[in-house]
Amino acid sequence: MDAEEAQRNLEQARQSYDASVTPVLPRWVPPVCAVLIAASIALAGAGPSSGWLKAATIAAGILCALAAAQLVLRIRARQGVIGLRGPARQKWRTVGVCCAAVLVSALAATPNTRWIYAGVGLAVGIYTWASLQKQVRA
């Protein structure tokens with residue numbers, strides 16, 4: 001085996017591994033996940049004055065984020081990729097830390113800061129769409 005053949009085999013193994021941990025997404029998934037993520041941040045930071053209403057908006061934000069995550073995880077499971085391993089585990093760990101940070105900051109949200117959360121939600125929604133769009137293959 002020469003160096004070129006070994007390099008080709010190594011690249012093929014890398015591509016096989018990446019394909020096994022990164023699902024191919026249908027075209028409709030990135031915009032749906034983007035809207036759910038944007039809504040989750042905007043709802044979590046709505047910051048109504050009433051304590052019960054604040055708890056309800058934060059809970060609705062959490063449910064939107066969980067719906068987006070569940071959507072991607074179910075698509076992975078249908079494609080035979082069960083569990084999180086390799087780069088997928090690292091990405092989900094990062095997403096979890098970011099969600100915890102948004103949740104903690106949403107607890108201190110006020111009616112005056114809701115526009116900040118709406119803007120951040122829009123930016124994160126666009127980023128989510130762009131990131132997931134890379135996994136759509138025609």
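Let me begin by describing the structure that accompanies this report. Computed from a predicted model, the values in this text were never measured in an experiment.

Quick look at the overall build of the chain
Within the chain, the secondary structure is distributed over 5 helices and 0 strands. Across its three principal directions, the C-alpha atoms of the chain cover 70 × 25 × 25 Å. Of all 138 residues assigned to the chain, the portion counted as buried reaches 28%. Within the chain, contacts between residues separated by at least 24 positions form 78% of all contacts whose residues are at least 6 apart in sequence. Accessible surface, the chain: about 8900 Å² in total, of which carbon and sulfur atoms supply 68%. Charge separation in the chain, taken as the distance between the mean sites of 14 positive and 5 negative side-chain charges, equals 26 Å.

Considerations on a nonpolar patch on the surface
Together, Ile62, Leu63, Leu66 and Leu103 give the surface a local cluster of nonpolar side chains, amounting to about 360 Å² of exposed area. If one sorts the elements of the nonpolar patch by residue count, helix α3 (residues 51-78) sits on top with 3 residues. The residue Leu63 is located in helix α3 in this model. The exposure class assigned to Leu63 is exposed, which follows from its relative accessible area of 58%.

Digging into helix α2 (residues 29-44)
The terminal C-alpha atoms of α2, which comprises 16 residues, lie 22 Å apart, in line with the 22 Å expected from a rise of 1.5 Å per residue. By the burial criterion, the buried members of α2 are Val29, Pro30, Cys33, Ala34, Ile37, Ala38, Ser40, Ile41 and Ala44. End-on view of α2: buried residues confined to an arc of 155°, all on one side of the axis. The secondary structure elements touched by the buried residues of α2 are α3, α4 (87-106) and α5 (114-133).

Overview of the side chain of Gln135
Locating Gln135 in the fold gives a position in the segment after α5. Each residue touching Gln135, except ones within four places of it in the same chain, is listed here: Thr22, Pro23, Val24 and Leu25.

Here's the deal with the environment of Thr128
Locating Thr128 in the fold gives a position in helix α5. If we skip the residues at most four places from it in the chain, Thr128 touches Cys33, Ala34 and Ile37. Of note is the side chain of Thr128, whose polar atom sits 2.8 Å from the backbone oxygen of Val124.

Reading the values: rules and limits
- Residues numbered from 1 in each chain as written.
- Predicted model: local features only at pLDDT ≥ 70, side-chain atom pairs only at ≥ 80, totals over all residues.
- Heavy atoms only, no water.
- Helix = DSSP H or I, 4+ residues; strand = E, 2+ residues; numbered from the N terminus.
- Buried < 20%, exposed > 50% of the residue type's maximum accessible area, 1.4 Å probe, protein only.
- Contact = heavy atoms within 4.5 Å.
- Areas by Shrake-Rupley, 256 points an atom, 1.4 Å probe, with all protein chains shown as cover.
- Lys, Arg positive; Asp, Glu negative; His and termini not counted.
- Charge placed at Lys NZ, Arg CZ, Asp CG, Glu CD.
- Patch = residues over 30% accessible without salt bridge, like charges linked within 9 Å, V, L, I, M, F, W, Y side chains within 5 Å.
- Salt bridge = Lys/Arg side-chain N within 4 Å of Asp/Glu carboxyl O.
- Expected span 1.5 Å × (residues − 1).
- Arc of directions from axis to C-beta.
- Polar contact = N/O pair within 3.5 Å; in protein donor to acceptor, adjacent residues only side chain to side chain.

By themselves, these figures tell us nothing about what the structure is for.
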